[in-house]
Amino acid sequence: MKNVWNTWNSISLVKRIICGLIIGIILGLVIPQATAISILGNLFVGALKGVAPILVFFLVMSALCHMGEGQKTNMKFIVILYLLGNLISALSAVLASYLFPITLTLSESTAASDVAPPSGVTEVLTNLLMNVVANPVDSIVKANYIGILAWACIFGIALKKANDGTKQALENIADAVATAVKWIISCAPFGIMGLIFTTISEQGLSVLLSYGRLILVLVGTMAFVALVLNPLIAFLCMRSNPFPLVFRCLKDSFITAFFTRSSAANIPVNMELCENLGLDENTYSVSIPLGATINMAGAAITISTMALAAAHTMNVSVDFPTAFILCVLSAASAAGASGVAGGSLLLIPMACSLFGISNDIAMQVVGVGFIVGVIQDSCETGLNSSTDVLFTACAEYRDRRLHPENYAK
């Protein structure tokens, strides 16, 4: 049995998910009456629903209480680039969703009557502020992700002056929850098999076309950010042709991150690339690990796109001021996305809560995210990780341009 388990884990998660996807489609077409298979999808979504609030709370709190005291002059500008990149990526996703609206196919039991759409931006802001000040324990129990994020930030900042033992304990808890998430996601092939079986047996094979459109919007938006917006930001910093640097980051960082699907696992690759680019070690030794935590442009795109797709599916009208609030929320929450594969999907319910979409429906959208995640999450991680190096390099090249005397050597 142990040999079977080790053999199973030796196969890449991407290949296992593809196998689960194919098997689910075949079973849904051949034996649609075998409804017991659906329980695999229900268990998978239920496990994610249970662990996601705890993951977000401890991950964000631990990251903030360990944040350094600003060890390098370029760090402030790099952090600004990270946050700006998150925001404009989320805005790009919103614009793409307006241009190419997506309707998801959820379970037949999901009805529009389950949703209480807000009447306007005032109600959205009121709900947002009330969720922020909700009881932290109650927020975790009821999966109020906005309250979870707010209290995690407050506690994280408050614990910056705590002793090392307390900080280490928080880090250990965050690591333990992240490990639990990895165990759950390792079961994704079975969960996805159950989810796709339910979809195919209820709706038929044609429903996969909607997933194709979703993938095109997600990947297309990420490509636009990587090849248009990021080069524009790089040009404004460097005042020279940015594409050699952009393509170097894509070649040396994006490709490895695409296959590892983990920004954290790509940190050694990025640090080596920074060394090869001749960047200051005192800067990139801090900015690259920090970027793996908070620089999540791809995650901001995923969260915004999936939340708006859920709103469109449930016939919830979203005006642009409300959508802009979604951009800010997606950009901020993306920084709390888990470093494991599919981590950004766990924050979709928080974004959906802006539109009055219930957690149950939102977790079905998360399930759809895992179905397309074979492509989406790989591209998302590649964009996130390669941008860590790009923005670190841009900040230093800008400083060299403005203060050449500091680099006389």
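As the structure is a prediction and not an experimental result, all values here were calculated from the model.

The rules behind these values
- Residues numbered from 1 in each chain as written.
- Predicted model: local features only at pLDDT ≥ 70, side-chain atom pairs only at ≥ 80, totals over all residues.
- Heavy atoms only, no water.
- Helix = DSSP H or I, 4+ residues; strand = E, 2+ residues; numbered from the N terminus.
- Buried < 20%, exposed > 50% of the residue type's maximum accessible area, 1.4 Å probe, protein only.
- Contact = heavy atoms within 4.5 Å.
- Areas by Shrake-Rupley, 256 points an atom, 1.4 Å probe, with all protein chains shown as cover.
- Phe/Tyr/Trp six-rings, centres within 6.5 Å; stacked < 30°, edge-to-face > 60°.
- Axes fitted to C-alpha atoms, helices over the stretch in contact; angles between N-to-C directions.
- Parallel < 35°, antiparallel > 145°, perpendicular 65-115°, else oblique.
- Left-handed = near helix turned anticlockwise from the far one by under 90°.
- pLDDT = per-residue confidence, 0-100.
- Expected span 1.5 Å × (residues − 1).
- Bend = angle between axes of the 7 residues up to and from the residue.
- Nonpolar A, V, L, I, M, F, W, Y, C, P; charged D, E, K, R; others polar.
- Patch = residues over 30% accessible without salt bridge, like charges linked within 9 Å, V, L, I, M, F, W, Y side chains within 5 Å.
- Salt bridge = Lys/Arg side-chain N within 4 Å of Asp/Glu carboxyl O.
- Core = buried A, V, L, I, M, F, W, Y, C linked by side-chain atoms within 4.5 Å.
- Polar contact = N/O pair within 3.5 Å; in protein donor to acceptor, adjacent residues only side chain to side chain.

Quick look at the overall build of the chain now. Along the chain, the regular secondary structure elements total 17 helices and zero strands. Counting over 409 residues, the chain shows a buried share of 52%. Sequence-distant contacts, at least 24 apart, represent 85% of the contacts inside the chain between residues at least 6 apart. Carbon and sulfur atoms form 67% of the exposed surface of the chain, whose accessible area is close to 17,900 Å².

Per the counting criterion, the structure on display carries five aromatic pairs. Judged by centre distance (5.7 Å) and plane angle (35 degrees), the ring pair of Phe243 and Phe247 falls under tilted. Within this pair, Phe243 and its partner Phe247 are both found in helix α11 (residues 243–260), separated by four residues, close to a single helical turn. Given the relative accessible area of 47%, Phe247 is considered partly exposed. Cluster of aromatic residues (ring-pair linked, three or more members): Phe57, Phe58, Trp151 and Phe155.

With that settled, consider the packing of helix α3 (residues 38–65) against helix α8 (residues 164–186). Interhelical geometry of α3 versus α8 gives an angle of 150 degrees and a closest axis separation of 9 Å. Accordingly, the angle class assigned to the pair α3 and α8 is roughly antiparallel. Crossing handedness for the pair α3 and α8: left-handed. Facing Phe44, Ala47, Leu48, Val51, Ile54, Leu55, Phe58, Leu59, Met61, Ser62 and Cys65 of α3, the residues of α8 in contact are Lys167, Leu170, Glu171, Ile173, Ala174, Val177, Ala178, Val181, Ile184 and Ile185.

Further remarks concern the confidence of the model for the chain. Overall, the predicted model of the chain reaches an average pLDDT of 79, with 85% of residues at or above 70. Per-element confidence in the chain is highest for helix α14 (residues 297–313), whose mean pLDDT is 90, and lowest for helix α5 (residues 121–132), whose mean pLDDT is 66. Taken as a whole, residues 108–121 scores under 50 in pLDDT and shows 29 contacts with residues more than four places along the chain or in a different chain.

Before going further, it helps to spend a moment on α3. With 28 residues, α3 ought to run about 40 Å at 1.5 Å a step, and its terminal C-alpha atoms sit 41 Å apart, in line with that. At Val51, α3 shows its maximal bend, which comes to roughly 35 degrees, and the proline Pro53 appears one to four places after that position.

Right, let's talk about the packing of helix α12 (residues 267–276) against helix α13 (residues 281–294) for a bit. Contact pair α12 / α13: the axes reach a minimum separation of 10 Å and the direction vectors enclose 145 degrees. The hand of the α12/α13 crossing is right-handed. Mapping the contact onto sequence places Ile267, Asn270, Met271, Cys274 and Glu275 in α12 and Tyr284, Ser285, Ile288, Pro289 and Ala292 in α13. Within the contact of α12 with α13, the residues separate by chemical class into seven nonpolar, two polar and one charged.

Attention now moves to a nonpolar patch on the surface. Together, Ile18, Ile22, Ile26, Leu29 and Val30 line one region of the surface with nonpolar side chains, adding up to about 450 Å² of accessible area. With respect to the secondary-structure elements, Ile26 resides in helix α2 (residues 13–30). Residue classification places Ile26 among the partly exposed residues on the basis of a relative accessible area of 46%.

Attention now goes to unusual backbone geometry. Most peptide bonds take the trans configuration, and most residues that are not glycine carry a negative phi. At Arg239, a position not held by glycine, the phi torsion is positive, near 55 degrees. Positionally, Arg239 belongs in the loop between α10 (208–238) and α11. Of the residues examined, Arg239 reaches a relative accessible area of 52% and is grouped as exposed. Phi at Asn315 takes a positive value of approximately 60 degrees, unusual for a residue other than glycine. Relative to the helices and strands, Asn315 is located in the loop between α14 and α15 (320–334).

All right, on to the pattern of salt bridges then. All told, the structure shown has three salt bridges when counted by the stated rule. The shortest N-O distance in the salt bridge between Asp252 and Lys251 comes to 2.7 Å. Note that Arg400 and Glu396 form a salt bridge whose closest N and O atoms lie 2.7 Å from each other. You can see Arg400 and its partner Glu396 sitting in helix α17 (residues 359–402), four residues apart, about one turn around the helix. Judged by relative accessible area, Arg400 falls into the partly exposed class, the value being 29%. On the accessibility criterion, Glu396 (2% relative accessible area) is buried.

Tracing the backbone shows Asn270 in helix α12. Those residues in contact with Asn270 that lie beyond four places of it in its chain are Ser253, Ile288, Ser385, Asp388 and Val389.

What follows is about the environment of Asp175. Relative to the helices and strands, Asp175 is located in helix α8. Overall, the relative accessible area of 41% leaves Asp175 in the partly exposed class. Between the C-alpha atoms of Asp175 and Ser62, which are 113 residues apart in sequence, the distance is 9.5 Å.

Before going further, it helps to examine the nonpolar core. Leu48, Leu214, Leu326, Phe355 and Phe370 are the most contacted members of the largest nonpolar core, which totals 86 residues. Counting residues in each nonpolar core, the second largest holds 29 residues, with Leu250, Leu279, Tyr284 and Val389 among its members.

This part takes up the side chain of Glu380. Following the sequence through the fold, Glu380 ends up in helix α17. For Glu380, a relative accessible area of 4% gives the class buried. Within the local environment of Glu380, its side chain forms a polar contact with the side chain of Thr302, the two groups lying 2.7 Å apart. If we ignore the near neighbours within four places in the chain, the residues touching Glu380 are Met222, Gly298, Ala299, Thr302 and Ser344.

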